[in-house]
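# Breakdown of the fold
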Amino acid sequence: MTKLLAVLALVAAAFLRAAGQVAGDGAGGPLPFAVGAAPEGCDVGQGEWVRDEAARPWYQEWECPYIQPQLTCQAHGRPDKGYQNWRWQPRGCSLPSFNATMMLEMLRGKRMLFVGDSLNRGQYVSLLCLLHRAIPDSGKSFETVESLSIFRAKDYDATIEFYWAPMLAESNSDDAVVHRVDDRVIRGAPMDRHSRFWQGAHILVFNSYLWWTAADNIQILRGADNDMSKDIVEMKAAEAYRLVLHQVVRWLERNADPKNSRAFFVTASPTHTDSKAWGDEVEGGNCYNQTEPIRDASYWGSTSREMLRVTEEVLATSRVPVGVVNITQLSEYRRDAHTQMYKKQWAEPTAEQRADPSSYADCTHWCLPGVPDTWNELLYWKLFFPSNDQAL
């Protein structure tokens, strides 16, 4: 313990010297969990991917028992490993090195909860992979009950959890295993069915984007009746998204204590479903067989700028600090890091699909180890070394 506290003190001192202060909560006090502040003018969202075989990956796929088979690319035959060896290098500054022991100590007696979709779950699992080697086997446990997964670090009296709520609001996609993909319906209010699980969390990490982009419009069920088939109105997806984010903000304002808790929102995770977007003229091309990041710093794919703008506008209205973990631009470059077809398939591919692997390549989810590990580096930065404006 003495050694750990000394490490914490050294890390905090280094960043305090670099930044000159500890970021505050807007009311004169330091933000919970902050041990320093980001260096002035450091925008970690701008930078480049650097190959670093000495330092990446942080862990091996086979040694982390928490990775779902939908994300174990090596176990499912991916022939290359280069996608694991890239480190994000911000322009003009550096991310603090991820320290699992320090993070566990800072989480002592705390509850950390991820809330969102399968991409948020991938980030959650990545964090477990980054942390679990610092805990002996007898000191940890993992269980999943319906929509809630719980990792316990017993010696730290800490839990790191994931709650499945892909649209944050109650919806007909709320079954964590079997969820309807088409004709999505959400309940406009209230959101108590989900938010009761968020109560008491010291760190909340939300995401929600992908499930809102399937169609221009979305169906809204009004009222609290359990019947999901009546009093349904249609609304533009972006405006329905705005409505739900406002509900999340209002819930935080009523329930989150900024003196002892923190909230974060992770921005959109990009897809790479059309290789023509990055100059590939192959008809029907996508992330399949891609082995290098996109090098064009100005590249932007199909991620909705309108949805990102809604996120920014709504979170800016919050009376409690909400840290924005901006993963979008850096992930836009990583056409090479998706699971493609190297994953457990929910249905056996047809002969036609096997003849054309790009036809069933998953260009949405990410192999682990991989890009979500970098998202957690950014979250680590935001949690322990926040900037004064809470934005990346």
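The shown structure was predicted, so the numbers you read here are calculated from the model rather than taken from an experiment. (Residues numbered from 1 in each chain as written. Predicted model: local features only at pLDDT ≥ 70, side-chain atom pairs only at ≥ 80, totals over all residues. Heavy atoms only, no water.)

### Section: the overall build of the chain
When helices and strands are tallied, the chain shows 9 helices and 14 strands. The proportion of buried residues among the 392 residues of the chain is 56%. Looking at the chain alone, contacts between residues at least 24 apart form 76% of all its contacts between residues at least 6 apart. When the accessible surface of the chain is summed, it comes to about 17,100 Å², and 49% of that surface belongs to carbon and sulfur atoms. (Helix = DSSP H or I, 4+ residues; strand = E, 2+ residues; numbered from the N terminus. Buried < 20%, exposed > 50% of the residue type's maximum accessible area, 1.4 Å probe, protein only. Contact = heavy atoms within 4.5 Å. Areas by Shrake-Rupley, 256 points an atom, 1.4 Å probe, with all protein chains shown as cover.)

### Side note on the confidence of the model for the chain
Summing up the model confidence of the chain, the mean pLDDT is 89 and the portion of residues at 70 or higher is 88%. A low-confidence stretch, residues 9-21 (pLDDT under 50), is modelled with 21 contacts involving residues beyond four sequence positions or located in other chains. (pLDDT = per-residue confidence, 0-100.)

### Digging into the sheet that holds strand β7 (residues 185-187)
Strand pairing in a sheet is mediated by backbone hydrogen bonds. Such pairs are either parallel or antiparallel. A sheet is described by the order of its strands in space; here 3 strands give the open sequence β7-β9-β10, paired in mixed fashion. With one partner strand each, in any of the chains shown, β7 and β10 (232-236) form the two edges of the open sheet. On average, adjacent strands in this sheet sit at an angle of 40° to one another, irrespective of strand direction. Here helix α5 (residues 237-255) sits on the sheet and contacts β7, β9 (217-221) and β10; the angle it forms with β10, its principal contact strand, is near 105°. (Pairing = 2+ DSSP bridges. Axes fitted to C-alpha atoms, helices over the stretch in contact; angles between N-to-C directions.)

### So, the state of the cysteines
For the structure shown, the criterion picks out 4 disulfides. There is a disulfide in this structure between C64 and C129, and the S-S distance comes to 2.0 Å. Measuring the twist about the S-S bond at about -85°, one finds the C64-C129 disulfide to be left-handed. On the criterion of sequence distance, the pair formed by C64 in the loop between β1 (47-51) and β2 (86-90) and C129 in helix α3 (residues 118-131) is long-range, its members being 65 residues apart. Residue classification places C64 among the buried residues on the basis of a relative accessible area of 5%. When the bonded cysteines of the chain are numbered from the N-terminus onward, they pair as 1-4, 2-5, 3-8, 6-7. (Disulfide = S-S within 2.5 Å.)

### Re helix α9 (residues 371-384)
Here α9 spans 20 Å end to end across 14 residues, near enough to the 20 Å set by a 1.5 Å rise per residue. α9 sits mainly inside the fold: 14 of its 14 residues count as buried. (Expected span 1.5 Å × (residues − 1).)

### With respect to the sheet that holds strand β3 (residues 111-116)
Read from one edge of the open sheet, 7 strands run β4-β5-β6-β3-β8-β11-β12, paired in mixed fashion. Sheet topology places β4 (140-145) and β12 (322-325) at the edges, where each strand pairs with a single neighbour. On average, adjacent strands in this sheet sit at an angle of 15° to one another, irrespective of strand direction. Here β3 runs beside strand β8 (residues 203-207); their pairing, made up of 4 bridges, is parallel.

### Thoughts on the packing of aromatic side chains
What describes a pair of aromatic rings is the distance from one ring centre to the other and the angle between the planes of the rings. Evaluation of the coordinates by the stated rule reveals 17 aromatic pairs. For the ring pair W58 and F98, a centre distance of 6.2 Å and an interplane angle of 65° mean the geometry is edge-to-face. Of the two residues, W58 is situated in the loop between β1 and β2 and F98 in the loop between β2 and α2 (100-106); the sequence distance between them amounts to 40 residues. On the basis of relative accessible area, W58 is assigned to the partly exposed category, the value being 22%. The side chain of R305 reaches across the aromatic face of W300, ending 4.2 Å from its centre. Between R334 and the ring centre of W49, over which it is positioned, the NZ or CZ distance is 4.6 Å. (Phe/Tyr/Trp six-rings, centres within 6.5 Å; stacked < 30°, edge-to-face > 60°. Lys NZ or Arg CZ within 6 Å of the ring centre and 35° of its normal.)

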